[in-house]
Amino acid sequence: MDAGAEATPVKVSARDLDVFYGATQALHGITLDARANRVTALIGPSGCGKSTFLRSINRMNDLIAGMRRQGTILLDGRDIHDPDVDVVDLRRRVGMVFQRSNPFPKSIYENVAYGPRIHGVSDRTTLDEIVRTTLEQAALWDEVKDRLGASALSLSGGQQQRLCIARALAVEPEVLLMDEPASALDPLATARIEELIHELKERYTILIVTHNMQQAARVSDTTAYFYMGRLVEMGPTAQIFTNPSKQETEDYITGRFG
């Protein structure tokens, strides 16, 4: 989508990444670069390893019993598995938005303020500014500014998902991981999320898992096609969708398979 994508620095880099759940190997030798201020879409059929790869970047897979890993993931050139890496700080730098919106059963304000409070921000004026700024970034401020004390659960599905994006942004991440963020939303709410992704890439590096081919084509600069735990092909989105180099990629994109 963006001819200048190759000129931007690499933000996240995986090298020969293998992930196992017990005896089952979920990822096989994944080598992939995600560039700063670009949207990288991960596509492929269910169970192909997309979400496993995404969750490896902020070490969410560490929480799964029996998971083990080989290979390297670098954030700004530094191995995220180095012994002196603070996992809490890593997950601040690498935020995540899940498939289904999962707001806390708290007020809209407290959902956004939660992360900054955990990280030591207690000044009310500062929290107010963070809440306003991140709700504006998530294109939600104008809809909720007069009811910040209302329950987050009173919002529509699309609003809840944008609130979860605001909550992720409130701790000032550098990378935003999105695991099918619009799959549970109606077309109008999906369009709002896609517009938001376009705006957010000016500030953040975004990796998005999506089953929706049209969505991948609309929102991403680079597309990576996964199949059975392997990275089959990766390249500029326009090229992947119009002239892929691998037959397997073409079969999946054109709907002959998957």
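For the structure, see preceding data.
Residues numbered from 1 in each chain as written. Predicted model: local features only at pLDDT ≥ 70, side-chain atom pairs only at ≥ 80, totals over all residues. Heavy atoms only, no water.

Asks: What should I look at first to understand the nonpolar core in this one?
Replies: Across soluble globular proteins, you tend to see nonpolar side chains buried next to one another. Grouped together as the largest cluster of nonpolar side chains are 45 residues, with contacts concentrated most on Leu135 and Ile165. Beyond its immediate sequence surroundings of up to four residues, Ile165 is in contact with Val97, Ala138, Met178, Ile193, Leu196 and Leu200. By size, the runner-up hydrophobic cluster in this structure holds 28 residues, among which are Ile73, Val94, Leu207 and Phe226. (Core = buried A, V, L, I, M, F, W, Y, C linked by side-chain atoms within 4.5 Å. Buried < 20%, exposed > 50% of the residue type's maximum accessible area, 1.4 Å probe, protein only. Contact = heavy atoms within 4.5 Å.)

Asks: In this structure, what is going on with the pattern of salt bridges? I would like to understand it.
Replies: A side chain with one charge may pair with a side chain of the opposite charge, provided their charged atoms come close. Enumeration according to the criterion identifies 17 salt bridges in this entry. Asp76 is paired through a salt bridge with Lys11; the nearest N and O atoms lie 3.0 Å apart. Of this pair, Asp76 sits in the loop between β4 (67–75) and β5 (78–79) while Lys11 sits in strand β1 (residues 10–21), and the two are 65 residues apart along the sequence. Among the salt bridges present, the one from Lys11 reaches Glu174, with a minimum N-O distance of 2.7 Å. Within this pair, whereas Lys11 is found in strand β1, its partner Glu174 is found in the loop between α6 (157–169) and β7 (175–179), the two being separated by 163 residues in sequence. Linked by salt bridges that have partners in common, Lys11, Asp76, Arg93 and Glu174 make up one network. (Salt bridge = Lys/Arg side-chain N within 4 Å of Asp/Glu carboxyl O. Helix = DSSP H or I, 4+ residues; strand = E, 2+ residues; numbered from the N terminus.)

Asks: Can you walk me through helix α7 (residues 187–200) in this structure?
Replies: Residue pairs spaced three or four apart in an α-helix point in one direction, given the helix's 3.6 residues per turn. The end-to-end C-alpha distance of α7, which contains 14 residues, comes to 20 Å, matching closely the 20 Å that a straight helix rising 1.5 Å per residue would cover. For α7, the complete set of buried residues consists of Ala189, Thr190, Ile193, Glu194, Leu196, Ile197 and Leu200. Looking down the long axis of α7, one finds its buried residues gathered within 160° of arc, a one-sided arrangement. Facing away from the buried side of α7 by more than 90 degrees, the exposed set consists of Pro187 and Leu188. Looking at the packing, one finds that the buried side of α7 touches β3 (39–43), α4 (124–137), α6, β7, β8 (205–209) and α8 (213–219). Looking at where α7 begins, the residue whose side-chain oxygen comes 3.0 Å from the main-chain nitrogen of Leu188 is Asp186. (Expected span 1.5 Å × (residues − 1). Arc of directions from axis to C-beta. Polar contact = N/O pair within 3.5 Å; in protein donor to acceptor, adjacent residues only side chain to side chain.)

Asks: In this structure, what is going on with the packing of aromatic side chains? I would like to understand it.
Replies: How two aromatic rings sit relative to each other is given by the distance of their centres and the angle of their planes. Evaluated as defined, the whole model comprises three aromatic pairs. Ring centres of Phe53 and Phe226 lie 5.9 Å apart, and the angle between their planes is 40°; this geometry places the pair in the tilted category. Note that Phe53 is positioned in helix α1 (residues 50–57) and Phe226 in strand β9 (residues 222–227), a separation of 173 residues in sequence. What makes Phe53 buried here is its relative accessible area of 1%. The class for Phe226 is buried, based on a relative accessible area of 0%. Considering the side-chain rings of Tyr225 and Tyr252, the 5.0 Å spacing of their centres and the 20° angle between planes classify their relative orientation as stacked. Highlighted residues: Tyr225 in strand β9 and Tyr252 in helix α10 (residues 247–253), separated in sequence by 27 residues. Comparing Tyr225 with Tyr252, the two get one shared label, buried. One Lys or Arg, Arg68, reaches over the ring of Phe20 and ends 4.1 Å from the middle of that ring. Between Arg167 and the ring centre of Phe104, over which it is positioned, the NZ or CZ distance is 4.1 Å. (Phe/Tyr/Trp six-rings, centres within 6.5 Å; stacked < 30°, edge-to-face > 60°. Lys NZ or Arg CZ within 6 Å of the ring centre and 35° of its normal.)

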